[in-house]
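Spelled out, the chains give:
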Amino acid sequence: MSDWSGRMKSTIKLFAEQIAGIRPGKVGVGFLETFRVSIRGNLVPIGKLGAMRVQGDQVHISPFDPATVPAIVRTLVEAKMNAYALNPSTVCVGVPPASVEQQDEVARHVKSLGEQAKIAIRGIRQDSRKQIVSRGRGSLNAVQADTDAAIAEVDALVAAKVAGLVGSSGRRRS
């Protein structure tokens, strides 16, 4: 009956895992793993395309398929990251301490991921409503209550992460 509840919880869990790697004050591997690269028409997380390692103030990405290097570089450059192809099989991303603009960009990215999670939750709600109506049994109010709770949880995760990002810089937002 409430398969929607489990699906909503797994969406929240996925979102929480996505933002867990985003660290305040410095762009790291976890943040880079949240970007998706267009490979043959599919959006694939960078973390699934290759191995990442930190070397000093740089992150090196070694894709499993060297043909994906240009797509990875293009995605990161479009996201205003300091990325370039170190050689034909490695992408290098410079990671200086995050500036105010970069922290704002990270906050926008976290909010965007949160919005994507809320869209997924609303899609689950819509599917569940259709199932309830077609079966003629179930509670539309329960689906809406679970949806409201899931969206509130996503909003709380976004607010906590953005507050952590802003709080780490020592500046105040208006």
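Inspection of every chain in the model, using the stated rule, returns 5 salt bridges. Across the salt bridge formed by arginine 7 and aspartate 127, the nearest N and O atoms sit 3.5 Å from each other. Of this pair, arginine 7 sits in helix H1 (residues 3-20) while aspartate 127 sits in helix H5 (residues 100-135); the two residues are 120 residues apart in sequence, bridging distant segments of the chain. Residue class for arginine 7 comes out partly exposed when judged on its relative accessible area of 31%. On the basis of relative accessibility, which here comes to 34%, the residue aspartate 127 falls in the partly exposed class. By sharing partners, the salt bridges in this structure join Glu115, Lys118, Arg122 and Asp155 into a single network.

To continue, consider the side chain of threonine 75. Structurally, the position occupied by threonine 75 is in helix H4 (residues 69-78). When its relative accessible area of 16% is taken as the criterion, threonine 75 is described as buried. Here alanine 71 takes part through its backbone oxygen, which lies 3.0 Å from a polar atom of the side chain of threonine 75.

Among all positions in H4, only Val69, Ala71, Ile72, Val73, Thr75 and Leu76 are buried. Next to the buried residues of H4 lie helix H2 (29-32), strand S1 (36-39), helix H3 (46-49), strand S4 (58-63), strand S5 (83-87) and strand S6 (90-94). Positive phi appears at lysine 80, one or two residues downstream of H4, with a value of about 65 degrees.

Basis of the calculations
- Residues numbered from 1 in each chain as written.
- Predicted model: local features only at pLDDT ≥ 70, side-chain atom pairs only at ≥ 80, totals over all residues.
- Heavy atoms only, no water.
- Salt bridge = Lys/Arg side-chain N within 4 Å of Asp/Glu carboxyl O.
- Helix = DSSP H or I, 4+ residues; strand = E, 2+ residues; numbered from the N terminus.
- Buried < 20%, exposed > 50% of the residue type's maximum accessible area, 1.4 Å probe, protein only.
- Polar contact = N/O pair within 3.5 Å; in protein donor to acceptor, adjacent residues only side chain to side chain.
- Contact = heavy atoms within 4.5 Å.

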